[in-house]
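Topology and contacts: notes
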Amino acid sequence: MTGMELVDKLRQNEETKDIPIIMLTARSFAISKEQQEQLKISNCLSKPFSPRELLGNIEDILYQKEIASEN
């Protein structure tokens, strides 16, 4: 199963459909903006990536979820 297939299965399951997802991809593998929007992928990072970059993305996603839940 590819990463995209996994994301699709997660989105089909009621218990996991809203989990934020950050895709970690090889530099040569591009995920189109349309695919990201369709599968509700929060962000994509190309390998190699820095742990700080990943942590920053996670913090941003959690902050956005917090703001959304307050509204």
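Residues numbered from 1 in each chain as written. Predicted model: local features only at pLDDT ≥ 70, side-chain atom pairs only at ≥ 80, totals over all residues. Heavy atoms only, no water.

Time to look at the nonpolar core. Among the nonpolar cores identified, the biggest contains seven residues, and these are Met4, Val7, Ile21, Met23, Ile31, Leu39 and Ile41. In contact with methionine 23, not counting residues within four places along its chain, are Gly3, Met4, Val7, Ile31, Ile41, Asn43, Cys44 and Leu45. (Core = buried A, V, L, I, M, F, W, Y, C linked by side-chain atoms within 4.5 Å. Buried < 20%, exposed > 50% of the residue type's maximum accessible area, 1.4 Å probe, protein only. Contact = heavy atoms within 4.5 Å.)

Of the consecutive residues lysine 47 and proline 48, the connecting peptide bond is found in the cis state with omega at -5°. Along the chain, proline 48 falls in the loop between strand 2 (43-46) and helix 3 (51-70). Positioned with a positive phi, lysine 40 is a non-glycine residue whose angle comes to about 55°. Tracing the backbone through its elements, the reader meets lysine 40 in the loop between helix 2 (33-38) and strand 2. (Helix = DSSP H or I, 4+ residues; strand = E, 2+ residues; numbered from the N terminus.)

To continue, consider helix 1 (residues 3-12). If you check which residues of helix 1 are buried, you get Met4, Val7 and Arg11. Buried positions in helix 1, seen along its axis, are confined to an arc of 60° and lie on one side of it. The outward face of helix 1, more than 90 degrees from its buried face, is lined by the exposed residues Lys9 and Gln12. Those residues of helix 1 that are buried lie in contact with strand 1 (22-25) and helix 2. (Arc of directions from axis to C-beta.)

Looking now at the environment of serine 42. Relative to the helices and strands, serine 42 is located in the loop between helix 2 and strand 2. Sequence separation between serine 42 and asparagine 57 is 15 residues, and the spatial gap between their C-alpha atoms is 8.8 Å. Not counting the four nearest positions on each side in its chain, serine 42 is found in contact with Pro20, Ile21 and Ile61.

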